[in-house]
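# Survey of secondary and tertiary structure
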Amino acid sequence: HTMGHTVGHTMGHTMALLPAAAGASDWDTSMLLTIHVEIARPFGFAKRPYLVAWVEDTNRAEVRTLALWYGKQRFLQDLRAWSRAQRSVSSEIASNASSVSSATRGSGKYTIDWDGKDAGGKYVKAGKYTVYLEVAREHGTYQLMHQELDFDGIPKQVLFKPNTEVDSASFDYHKR
């Protein structure tokens, strides 16, 4: 009688530990985010715009800078939202930014992909992240497009209205 009671108690205890093992689900590796952007033709002698695309988590912490197209270092502060985010991040992300940076681009269509990996090359958890696309032109205008998306394995697309610097822009979460 006592023995049966002990076995029952142990089983109950084991059962209680099981739910704790369930955690957040992983990024669906069959999915990809593609940012489509068409840079507008500049007016007159306007310079090519600076552009940056990045991802933040729900705590507004930067997950990864996806692209950074710029000319002179001193004008990087014109990318106001991204520059603000940079002040609070580690040198690891700053060095990652140098690996994604390149010269400015002329008018035309471009794509920037995010495979769901953070700056350290690890897949993030599935869930909500905010995607940013910031465009600034010296002696031109400033544009910031952003959208929170739930990266839950279900395809979705966000289209932005054209603006002075960008003829078209969209965030497309889709199967690879």
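Up top you'll find the structure we're talking about.
Everything quoted here is computed from the prediction, not taken from an experiment.

Here we come to the overall build of the protein. Looking only at helices and strands, the protein has three helices and nine strands in total. Order of helices (α) and strands (β) in the protein, N terminus to C terminus: α-β-β-β-α-α-β-β-β-β-β-β. Expressed as a percentage of its 176 residues, the buried residues of the protein come to 41%. Partitioning the intrachain contacts of the protein with sequence separation of at least 6 by distance along the chain shows that 65% fall at a separation of at least 24. Summed over all atoms, the accessible surface of the protein reaches about 10400 Å², with 54% contributed by carbon and sulfur.

Next up on the list: the environment of E138. As for its placement among the helices and strands, E138 is situated in the loop between β6 (127-136) and β7 (142-151). Taking relative accessible area as the criterion, E138 reaches 14% and is therefore assigned buried. For the pair formed by E138 and K47, sequence separation is 91 residues and the distance between their alpha carbons is 6.4 Å. Apart from residues lying up to four places away in sequence, E138 is in contact with K47 and F75.

For the rest of this paragraph, the subject is the sheet that holds strand β3 (residues 62-69). Within a sheet, neighbouring strands are paired by backbone hydrogen bonds and run either parallel or antiparallel to one another. On the basis of which strands lie adjacent, the open sheet formed by five strands has the order β4-β3-β2-β6-β7 and mixed pairing. Looking at strand neighbours, the two that pair on one side only are β4 (101-102) and β7, the edges of this open sheet. Note that strand β2 (residues 50-56) and β3 share six bridges and pair antiparallel. What sits directly across from E56, in β3, is E62.

Another point: the packing of aromatic side chains. Under the criterion given, the structure shown has twelve aromatic pairs. Judged by centre distance (5.9 Å) and plane angle (75°), the rings of W114 and Y129 are edge-to-face. A residue pair is termed long-range when its members are at least 10 positions apart, and W114 in strand β5 (residues 108-114) and Y129 in strand β6 qualify at 15 residues. For the pair W114 and Y129, one class covers both residues: buried. Within the aromatic cluster, the residues linked to one another by ring pairs are W27, W114, Y129, F151 and Y173. Lying across the ring of Y142, R80 places its NZ or CZ 3.7 Å from the centre. One cation-aromatic arrangement involves R105 over W69; the distance from NZ or CZ to the ring centre is 4.0 Å.

Attention shifts here to the pairing of strand β9 (residues 166-175). The two faces of the sheet receive side chains in turn, since in a regular strand these alternate between them. Pairing of strand β1 (residues 31-39) with β9 involves nine bridges; the strand directions are antiparallel. Across the sheet, L33 pairs through a bridge with Y173, a residue of β9. The sheet contact formed by strand β8 (residues 156-160) and β9 spans five bridges and is antiparallel. Along β9, the bridge assignment pairs V158 with F171.

Cut-offs used in this document
Residues numbered from 1 in each chain as written. Predicted model: local features only at pLDDT ≥ 70, side-chain atom pairs only at ≥ 80, totals over all residues. Heavy atoms only, no water. Helix = DSSP H or I, 4+ residues; strand = E, 2+ residues; numbered from the N terminus. Buried < 20%, exposed > 50% of the residue type's maximum accessible area, 1.4 Å probe, protein only. Contact = heavy atoms within 4.5 Å. Areas by Shrake-Rupley, 256 points an atom, 1.4 Å probe, with all protein chains shown as cover. Pairing = 2+ DSSP bridges. Phe/Tyr/Trp six-rings, centres within 6.5 Å; stacked < 30°, edge-to-face > 60°. Lys NZ or Arg CZ within 6 Å of the ring centre and 35° of its normal.

These figures come from the coordinates and say nothing about function on their own.
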